[in-house]
Amino acid sequence: MLRTFRLIDAAALSAVGLWLGACADSSAPTAPKDQFRTELITCQASVSARTLDCAASQPQAARGVSFDLVLGGQGALVRLASSGNAYNSGTFSSNVTVENLIAQSMNTADGTTPDAGGVKVFFNSGPTVTGGTGVVSVANPDGTGAFTGSSQEYFQYSDGAVLLSGATTAAKLWQFSVPTTVTTFEFQVFVTTTLPDEFSAIVALGLSRTPSALTIAPGGSGPTTVLLTRTNFSGAVTLSLGNAPAGVTGSFSPAAPTGTSSTLTVNVGGGVAPGVYHLTVNGTGSAGNRSTPLTLTVGTAGSGNVTVDFSSCPVDQRAVWLAAQNGTGPWTRVSGVGDVYNFTIGSGGGGLAYVVLGAGGVPSVTVQYMTQAEFTVGTLVFCPPATGKTLNGSVANAGAFDQTTVSLGGRSASVFSSGSPAFQLTDVPDGPQDLVAYDHSLVGGAESAIIRRSQNIADNGTITTLDFASVEAFTPATATITLNGLLGSEQYVQQEMVYQVAANCATAFLYNGDISGATFTAFGIPSSQQQPTDFHGLLVLASTSTGIRIIQQYNHSLVARTLTLGAVMPTPTITTLATPPAYKRLQAVYTLPTDYERSTWFGYQDGANNSVTISATFGYLGGPSTTLALPDFSALSGWDNNWAPSSTSTGTWFVSGNGGSGSVCTEGASVKAATVNGTY
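Residues numbered from 1 in each chain as written. Predicted model: local features only at pLDDT ≥ 70, side-chain atom pairs only at ≥ 80, totals over all residues. Heavy atoms only, no water.

1. Here's the deal with the overall build of the protein
Logical step 1: Along the protein, the regular secondary structure elements total 2 helices and 50 strands.
Logical step 2: The buried share of the protein, reckoned over its 680 residues, is 50%.
Logical step 3: The long-range share in the protein, meaning contacts at least 24 apart out of those at least 6 apart in sequence, stands at 68%.
Logical step 4: Summed over its atoms, the accessible surface of the protein is roughly 27300 Å², and 51% of this surface lies on carbon and sulfur atoms. (Helix = DSSP H or I, 4+ residues; strand = E, 2+ residues; numbered from the N terminus. Buried < 20%, exposed > 50% of the residue type's maximum accessible area, 1.4 Å probe, protein only. Contact = heavy atoms within 4.5 Å. Areas by Shrake-Rupley, 256 points an atom, 1.4 Å probe, with all protein chains shown as cover.)

2. As for the pairing of strand β34 (residues 433-441)
Logical step 1: Buried residues dominate β34, accounting for 9 of its 9 residues.
Logical step 2: Taken together, the 7 bridges between strand β31 (residues 402-408) and β34 define a ladder with antiparallel strand orientation. Each bridged residue has a counterpart across the sheet, and for D402 the counterpart in β34 is S441.
Logical step 3: Taken together, the 6 bridges between β34 and strand β35 (residues 448-455) define a ladder with antiparallel strand orientation. (Pairing = 2+ DSSP bridges.)

3. Some words on the sheet that holds β34
Logical step 1: The strand order across the open sheet formed by 4 strands is β32-β31-β34-β35, and the pairing between neighbours is antiparallel. Each edge of the open sheet carries a strand with a single partner, namely β32 (411-416) and β35. Neighbour-to-neighbour, the strand axes of the sheet open up by a mean angle of 15°, direction not taken into account. (Axes fitted to C-alpha atoms, helices over the stretch in contact; angles between N-to-C directions.)

4. Considering a nonpolar patch on the surface
Logical step 1: A surface patch of nonpolar side chains, amounting to about 440 Å² of accessible area, comprises F401, F416, L442 and V443.
Logical step 2: With respect to the secondary-structure elements, F416 resides in strand β32.
Logical step 3: Take F416: its relative accessible area is 41%, and that puts it in the partly exposed class. (Patch = residues over 30% accessible without salt bridge, like charges linked within 9 Å, V, L, I, M, F, W, Y side chains within 5 Å. Salt bridge = Lys/Arg side-chain N within 4 Å of Asp/Glu carboxyl O.)

5. A look at the state of the cysteines
Logical step 1: Taken as a whole and assessed by the stated rule, the structure comprises 2 disulfides.
Logical step 2: Between the sulfur atoms of C313 and its disulfide mate C383 the distance is 2.0 Å. One quick way to see it: the torsion about the S-S bond of C313 and C383 is about 95°, and its sign makes the bridge right-handed. Of this pair, C313 sits in the loop between β23 (306-309) and β24 (319-326) while C383 is found in the loop between β29 (380-381) and β30 (389-396), placing the two residues 70 residues apart along the sequence.
Logical step 3: By relative accessible area, which is 14% here, C383 ends up buried.
Logical step 4: If you count the bonded cysteines of the protein from the N-terminus, they pair up as 1-2, 3-4. (Disulfide = S-S within 2.5 Å.)

6. Examining the environment of T280
Logical step 1: Tracing the backbone through its elements, the reader meets T280 in strand β21 (residues 275-285).
Logical step 2: Looking at T280, the relative accessible area reads 18%, which means it is buried.
Logical step 3: Expressed as a C-alpha distance, the spacing of T280 and T295, which sit 15 residues apart in the sequence, is 8.2 Å.
Logical step 4: Those residues in contact with T280 that lie beyond four places of it in its chain are S240, L241, G242, N243, T292, P293 and L294.
Logical step 5: Polar side-chain contacts of T280 include one of 3.2 Å to the side chain of N282. (Polar contact = N/O pair within 3.5 Å; in protein donor to acceptor, adjacent residues only side chain to side chain.)

7. A closer look at the sheet that holds strand β41 (residues 535-544)
To summarise the sheet geometry, strands pair through backbone hydrogen bonds and adopt either a parallel or an antiparallel arrangement.
Logical step 1: A sheet is described by the order of its strands in space; here 12 strands give the open sequence β25-β24-β27-β28-β47-β46-β49-β50-β42-β41-β38-β39, paired in mixed fashion. Where the open sheet ends on each side, the last strands, each with one partner, are β25 (331-333) and β39 (506-516). Strand-to-strand twist in this sheet, taken as the mean axis angle between neighbours without regard to direction, amounts to 15°.
Logical step 2: Relative to strand β42 (residues 547-555), β41 is paired through 9 bridges, and the arrangement is antiparallel. Its bridge partner being in β42, L541 is matched across the sheet by I550.

8. Thoughts on the environment of P245
Logical step 1: Within the secondary structure, P245 sits in the loop between β18 (238-242) and β19 (248-253).
Logical step 2: A sequence separation of 32 residues divides P245 from Y277, and the C-alpha atoms of the two residues are 7.8 Å apart.
Logical step 3: Apart from residues lying up to four places away in sequence, P245 is in contact with Y277 and L279.

9. As for the packing of aromatic side chains
Logical step 1: Inspection of every chain in the model, using the stated rule, returns 29 aromatic pairs.
Logical step 2: Summarising the aromatic geometry, the rings of Y438 and Y511 are spaced 6.1 Å apart at their centres and angled 40° between planes, so their arrangement reads as tilted. Here Y511 lies in strand β39 and Y438 lies in strand β34, a separation of 73 residues in the sequence.
Logical step 3: With a relative accessible area of 0%, Y438 lands in the buried category.
Logical step 4: Judged by relative accessible area, Y511 falls into the buried class, the value being 4%.
Logical step 5: Taken together, the aromatic side chains of W321, W331, Y369, Y583, Y620, F633, W639 and W643 make up a single cluster linked through ring pairs.
Logical step 6: The positively charged end of K120 is found above the aromatic ring belonging to Y154, 5.5 Å away from the centroid.
Logical step 7: A cation over a ring is seen here: K172 above Y157, with NZ or CZ 5.8 Å from the ring centre. (Phe/Tyr/Trp six-rings, centres within 6.5 Å; stacked < 30°, edge-to-face > 60°. Lys NZ or Arg CZ within 6 Å of the ring centre and 35° of its normal.)

These figures capture arrangement, not role.
Written as structure tokens, this is what we have:
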């Protein structure tokens, strides 16, 4: 009997994605061909960042595999976690453990007697080089076997032992032979083991948290979100905080969730000594007992007031190097714990700099300058975890050359008339949400819309078919819009419309990309279908080969009106700073127009796509005079000169700014932005 399950925990430190399957049984029923689909998970390793993690899963049709059920869920059934990643003398190594998250024991057919096969983690494909050149291979496999193919290498766990529900194996050293010319590589792994019950639906519970590390001063408190990934299990899970020293307490809301998340607030008493404390978040339920680590750093009073969290990001979007600047002081490298970083910014504001190695190991350098209040408004979470619902649906009777957009709770999906009418919405917040469906003609034909208020559909539920020939569909409103301030050189004008709904001001997309001019027709929702909290958000973009200007204005009613573009962004003075010579340090000097006194950016990119982006808020600048340049990081620990464009490179640059008045879902609120670009 072969059962296949998707497994990955993005919140675990350097987690590895995998699949779990019980050993094949010659008498097992075979699923109809192509009835089921599996989601192979590509695991990525970065040599320079010393990380081993998994990127987005790729749907693949199952081939040559007999099974009767496919389940999915991030961190749902098994968690592989790595630690101690290192690269020495051509060998990339990691200590990897296997955690059992299902309600059954693994590596046993009867629940008590160990199976001889153990728990095997085998390579379905790869390793394959994705950055640099060379060949990567598994250096120390425990053996090879025929699983989904022939001669597949594997690592074996739980030899002669049962892996109980909630238990974690001892770490096993994984080694890869990696030449110095390789920067990143990837592979796909599966797990095979014996289960006592291979026929009933799998019951499982996964527990994780984001952020995975907190820095709190004595007398302070800090929050983290506990995420519960459920498989065929809806019971309450009682949460508690473990390994906390005297003076450290935790409160959960809710304390025994039946949903998928709970907020943990950690409180640190005034007498707790500074230091690093390794806590656990524990969960107890009928699916088994689970725990997930939480690192608490107790600093001196007033320290560590900024938290930057990359822990929920895919591996190629996590920082491989990070530094901070307090005021105008020296830049200092900051080491993270579980991809969470803490540092102090004083009343004079400061800077944050980090490097991300994107797809294929292409680096981007980001520098941000903000005030203390902007840095400390809350944890800076770069990739908020997806914790909402997944909903499916379809549209009917849309036009022959149309694009239909369906939005619910700020999440949207599009359907084109030339493709399938089905759609899927993911990460939809729980609770009543207003659904907006808009059928937009791409050739100037008829438009249509549907609004359903206060929809609260269960997770994995189905949205009733959105039929644009039904009585609930209505004809959108129209209005003539005049664009003021358009320059003769701005020959390319686009317009798009969003619609803000409900008390939470959720965004619903109506249409985008319509080519327009100084006067055009905008489409929206008629007053008969509106509620007082609804607002149209009309965006207009005017561009030339060297610049873009944008205005977006929010109004309740769609009526004829005039929009006025902001000022043209001035061309900055671009200079190359003399030192250091190891990489290109460009500086831009310019004055922000009044229309854009909120924030500004300066960026440049070479022919190899190495990029630099530097931003500053107007509060930090203190006035319109702006000078932005890439700092000299060459003397800081861990900095690699190859991350920035080379000193001999040529490429493109841009400078942009934005401003506005009011906030979204406020009558007459507007946002204005402009960009100018050139070459260096």
